[in-house]
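# Results of the structural survey
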Amino acid sequence: MTQEQCTHRNNVQSSEKPQVYKVGIYGWRKRCLYLFVLLLMILILINLALTIWILKVMNFTIDGMGNLRITEKGLKLEGPSEFLKPLYAKEIQSKPGRPLFLQSSRNVSVNVVNGNNQLLTQLVTGSSGFQARGKMFEVKSTSGKLLFSADEQEVVVGAERLRVMGAEGAVFSKSVETSHVRAEPFKELRLESPTRSLLMEAPKGIQILAEAGDIQAICRNELRLESKDGEISLDARRIRLMRLPEGKASISSSSSGTRQSVYEVCVCPNGRLFLSQAGTGSTCQISNNVCL
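Here is a short report on the structure shown in this document. Since the model is a prediction, treat every value here as computed from it, not as a measurement.

This part covers the nonpolar core. Listed in full, the five residues of the largest apolar core are C266, C268, F274, C284 and V290. When residues no more than four places from it in sequence are discounted, the contact partners of V290 are P245, E246, G247, C268, R272 and F274.

Here is the structure:
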């Protein structure tokens, strides 16, 4: 290339305008981007407002949420609380001087299990009643005195007085062991066995005492008072034996006079008692037809 051609080419290039390349988004793309950023800011503001509203409504604080407070000793609930799942806690207690209520629409169950998740003790309160399951059940007073105890072997009532308020009294299917049976003041004491026999037995003796009333012993078949080594004492100002059979004397030994109103009490060899008309001597041998 000659020198003239180079000079002409430089003059042509210098006469043209320099090209400028634009960097960025222009036109409808720019407007869409601005609209998207605006919508995003609106959503952020709405989300922030909802978060603040939820925090306000749920009462979120540094110590906890709502009625729930986190303390050094554990969780503290103020006011009624509802649990939709099982609650596992080491200790549940109310505020000092305030009662503790456990309420459920079905039942309230308290279970105690061992390390193998086997049930040891269970306490269930429901609409059907109150149930307790365990090896022993005890009720104690505030001073620690045993009031009631029950296990598989025995049931112990430790109170000074046992009161049965039912109209039919107390029913025992087995024997009853006690040192003293007494009714309430101005009340009657009845020991009754409607279909079986009633047996009272003591190694040293049985004392039946009514200081301000009567004593009645009624049975359908036999009433037996038995003392193996001692005696039977009937201590009263008057002893009446009602409805004793009357023995009949033989015709030869009977007097032809008027019927007597004085009798003597006779005893048969089998222990049966009967009445015989009194005479100058004993008439028991004469009127012993009752013993036959």
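After that view of the structure, there is still more to cover.
Moving on, we come to the state of the cysteines. In the structure shown here, the tally under the stated rule is two disulfides. The disulfide partner of C266 is C284, and the gap between their sulfur atoms is 1.9 Å. The disulfide joining C266 to C284 has a torsion of about -80 degrees about its S-S bond and is therefore left-handed. In this pair, C266 is assigned in strand β10 (residues 263–267) and C284 in the segment after β11 (273–277), connecting sequence segments 18 residues apart. Just as C266 is buried, C284 falls in that class too. Across the disulfide from C268 sits C291; the S-S distance is 1.7 Å. Looking down the S-S bond of the C268 and C291 bridge, the torsion is -80 degrees, so its handedness is left-handed. Remark: C291 occurs in the segment after β11 and C268 occurs in the loop between β10 and β11; sequence separation between them is 23 residues. Classification of C268 as buried rests on a relative accessible area of 4%. Look at C291 and you get partly exposed, because its relative accessible area is 23%. Here the disulfide map of the chain reads 1-3, 2-4, the bonded cysteines being numbered as they appear in the sequence.

Parameters at a glance
Residues numbered from 1 in each chain as written. Predicted model: local features only at pLDDT ≥ 70, side-chain atom pairs only at ≥ 80, totals over all residues. Heavy atoms only, no water. Core = buried A, V, L, I, M, F, W, Y, C linked by side-chain atoms within 4.5 Å. Buried < 20%, exposed > 50% of the residue type's maximum accessible area, 1.4 Å probe, protein only. Contact = heavy atoms within 4.5 Å. Disulfide = S-S within 2.5 Å. Helix = DSSP H or I, 4+ residues; strand = E, 2+ residues; numbered from the N terminus.

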